[in-house]
Amino acid sequence: MPKTIPVATELTQPFWDAVNEKKLVLQSCASCGKLQYPIRPTCWQCQSDRLEWKEVEGKGHILETMVVHDTRVVRRKGDVPFNVAVVSLDEDPSINFLANLPGTTTNEAPQGAAVELIFEEQEPGKFIHDWQVIG
Amino acid sequence: MGISINGWPRTAEGLGVWEHSGKVAITGYGYSDLERRWDGVSMDKTYGAYAVQALQRTIADSGLSPDEIDGLMVCPDPAGDSWSAEDRGTPRPYFDAPYDSEDGLTIVTTQWLIKAMARAGTPLNNLKFIDDESSSIGQLTGKAAQAVGEGHAKHLLMLYGMGNVEGRYHLEEGNYSSGGRVWSAPWGWMTSAMMQHAFVFLQYCTKYGGSHDNLAPFVLNQRRNGLMTPWGYYAQHEQYQITTEDYLTQRYVAWPNGLLDSDRPVNHVASFLFSAADRVKDMKQKPIYVLGHVQAQHPSKSTMATLGDHEEWTDSLARRLYEAAGARGAEDLDVFNPYDGFATFTQTYLEAFQWHGVKRGDAFDFYAGDIRVEGPHPFNSSGGNLGNGRTRTAMYTDLVEQLRGIAGPRQVQIKHETGACGQVTPGGNGHIFLSVNPSI
């Protein structure tokens, strides 16, 4: 599954640098303690700009899974149909991610199943995080 | 130009009854022809031409002369669709004036519209209030009512349109993603509410039971109501009712969302005249009073908002709109046209407003009952976007017609003295509460 490759900004560069080192780091608000993903200039909860980086373990669970049959992302057109799951992070279930669940057949993704973080290399040195069903 | 309007927007809890409740009324409405697409060459079918058409029909409906209009409010650039700036691409070849720029073809500013109305023989010579900074019909209706209530205009024309041109749009081409799309495009999702609402819909089914199949009666009924709307896309171009079999075997775009759950883009413009209530006594039409309006804008906490978020947000919306209108609750709401851009989220509004006693988790049973316009629970009598094409205004024009009693074959048989409608999604919307009386 060739994914599009994110173009980092000054704000998001530390996040993508970590991904390229096969680590998942999220923003952690120094004011209210909330984790944050996607990356934003300020905390969604308290609007503080005192945001630090915190590495998380990379364990989660599938909330629900859609199946994409037609996509506006041209690079992914050859992959249809494919899963797009929403995965909650065990360390903070209010944080969720999109996931393609590589290795899981479409329409067979087990709702509520445990997933773990993986990193897929899209071009040399450029990785994308995804999630895979455990077991 | 934009003028700051006191009291706008109404997004907070606890604002109480709207300070201008019953002091503003809709006294005219009109809409343009409807086409699937602008063909790129027909000058009588541009967004600008349709805008002029809608305004002229609204003025005629109201019985006023153009000289009596002193306010104009438009959404110049239909947001989120094929006419958005990023999808226009390189400049097209333009035409003779007034179509010598994008303005008038795929966007309409107030500046262009004022000139076009003059050229069309209906000059708006006495405008004192002009605003073209709103982005949706949900916002516009509330803002127009607020502007009149605050005294910025006595008779304000409000205009909203949707557009569609040839080709696909919002494509993410190339190998790289940037901006906010870096959090979605790599996994194959990009800039559409479809996936967000498909996800929340699946959570709904998990929480309350049921499946996508349970939406069939609602979607079929939307089409049925649309087929009773003579100017709508389906009444003009696909004059047949879809079946349950059609629905269950539809082509999926992003399961559980299929083509029949999605509104079809069209070219269409609608307009409404908002008047100060102290000016409506001798007007041609029965006034439809604005009892309240509210807006909502909620950022998602993470990549996707959840069912819990949508329920919390729409509960607040319903509570605030009833409060703004001085209504007790659903028992004071007769006609209800919530938004249906995707079939997968309309039940969120239905249950939040508890229309006809429908509470959280009840929508599928309600859809399976008699929701026809001639029945006891005529839900979304407009047919909405699903029944008419992506006008985003059909639910508003229908509401005016229902309250006036001129909805023809769609006329509901239940009491129709009050009504509410809104647009767009649970995460960002505006809603309005109307009544044939200046108070409940």
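Look a little higher up for the structure.
Presented here is a report on the structure given in the accompanying data block. (Residues numbered from 1 in each chain as written. Chains lettered and ligands numbered in written order. Predicted model: local features only at pLDDT ≥ 70, side-chain atom pairs only at ≥ 80, totals over all residues. Heavy atoms only, no water.)

**Describing the packing of aromatic side chains**
For the structure on display, the rule yields 28 aromatic pairs over all chains. With a centroid separation of 5.3 Å and an interplanar angle of 15°, the aromatic rings of Trp16 of chain A and Trp183 of chain B are classed as stacked. Of the two residues, Trp16 of chain A is situated in helix H1 (residues 13-20) and Trp183 of chain B in the loop between strand E5 (176-177) and helix H5 (193-208); the pairing between them involves two chains. Pair check on accessibility: Trp16 of chain A and Trp183 of chain B agree, each one buried. For the pair Phe345 of chain B and Tyr349 of chain B, a centre-to-centre distance of 6.3 Å together with 80° between the ring planes defines the contact as edge-to-face. We note that Phe345 of chain B, like Tyr349 of chain B, is buried. (Phe/Tyr/Trp six-rings, centres within 6.5 Å; stacked < 30°, edge-to-face > 60°. Helix = DSSP H or I, 4+ residues; strand = E, 2+ residues; numbered from the N terminus. Buried < 20%, exposed > 50% of the residue type's maximum accessible area, 1.4 Å probe, protein only.)

**A look at helix H10 (residues 346-353) of chain B**
All names here are of chain B. Extensive coverage of H10 is indicated by the burial of 8 of its 8 residues. Residues of H10 that are buried: Thr346, Gln347, Thr348, Tyr349, Leu350, Glu351, Ala352 and Phe353. Looking one or two residues beyond H10, the residue adopting positive phi is Gln354, at roughly 55°.

**Concerning the sheet that holds strand E12 (residues 428-435) of chain B**
Residue and element names in this part refer to chain B. Pairing is mixed across the open sheet formed by 9 strands, whose spatial order is E3-E2-E4-E8-E1-E9-E12-E11-E10. With partners counted over all chains shown, the strands left at the sheet margins are strand E3 (129-131) and strand E10 (335-337), one partner each. Direction aside, the axes of adjacent strands within the sheet are offset by 25° on average. Taken together, the 3 bridges between strand E2 (residues 71-74) and E3 define a ladder with parallel strand orientation. (Pairing = 2+ DSSP bridges. Axes fitted to C-alpha atoms, helices over the stretch in contact; angles between N-to-C directions.)

**Some words on the interface of chain B and chain A**
Listed by partner, the interface residues are 40 residues for chain B and 43 residues for chain A. Counting each side, the surface lost to burial between chain B and chain A is near 3600 Å², with a carbon and sulfur contribution of 59%. Ranking the residues of chain B by area buried against chain A places Trp183, Trp187 and Lys301 of chain B at the top, with a combined share of 24%. Our count for the chain B to chain A interface comes out at 0 salt bridges. Across the chain B-chain A interface, the total number found is 22 residue pairs in polar contact (both at pLDDT 80 or more). Elements with a contribution of two residues or more to the side of chain B that touches chain A: E5, H5 and strand E6 (252-255) of chain B. At 6 residues, H5 of chain B tops the list of elements feeding residues into the side of chain B that touches chain A. The residue makeup of the side of chain B that touches chain A, split by class, is 20 nonpolar, 15 polar and 5 charged. Summarising the sheet, strand E5 (residues 59-68) of chain A and E6 of chain B pair through 2 bridges and their orientation is antiparallel. For Val68 of chain A, the partnering residue across the bridge sits in E6 of chain B and is Ala254 of chain B. (Contact = heavy atoms within 4.5 Å. Buried area = accessible area lost by both parts, 1.4 Å probe. Salt bridge = Lys/Arg side-chain N within 4 Å of Asp/Glu carboxyl O. Polar contact = N/O pair within 3.5 Å; in protein donor to acceptor, adjacent residues only side chain to side chain. Nonpolar A, V, L, I, M, F, W, Y, C, P; charged D, E, K, R; others polar.)

**Here we look at the sheet that holds strand E4 (residues 51-55) of chain A**
All names here are of chain A. Ordered in space as E3-E2-E4, the 3 strands form an open sheet in which the pairing is antiparallel. Each edge of the open sheet carries a strand with a single partner, namely strand E3 (35-36) and E4. In this sheet, E4 lies alongside strand E2 (residues 25-29) in antiparallel orientation, the contact comprising 5 bridges. Along E4, the bridge assignment pairs Cys29 with Leu51.

**What to know about empty space enclosed by the protein**
Residues and elements named next belong to chain B. Summed over the entire model, instances satisfying the criterion amount to 1 cavity of 30 Å³ or more. Counted as a void, the largest cavity has a volume near 30 Å³. Lining the largest cavity are Thr229, Trp231, Ser382, Asn388, Ala394, Thr397, Asp398, Glu401 and Arg410. Here the lining of the largest cavity gets 4 residues from one element, more than from any other, and that element is helix H13 (residues 394-404). In terms of residue class, the lining of the largest cavity is made up of 2 nonpolar, 4 polar and 3 charged. (1 Å grid on protein atoms, 1.4 Å probe; cavity = no way out; pocket = protein on both sides within 12 Å on 5 of 7 lines; lining within 4 Å. Points joined across faces, edges and corners; volume = space filled by probe spheres on them.)

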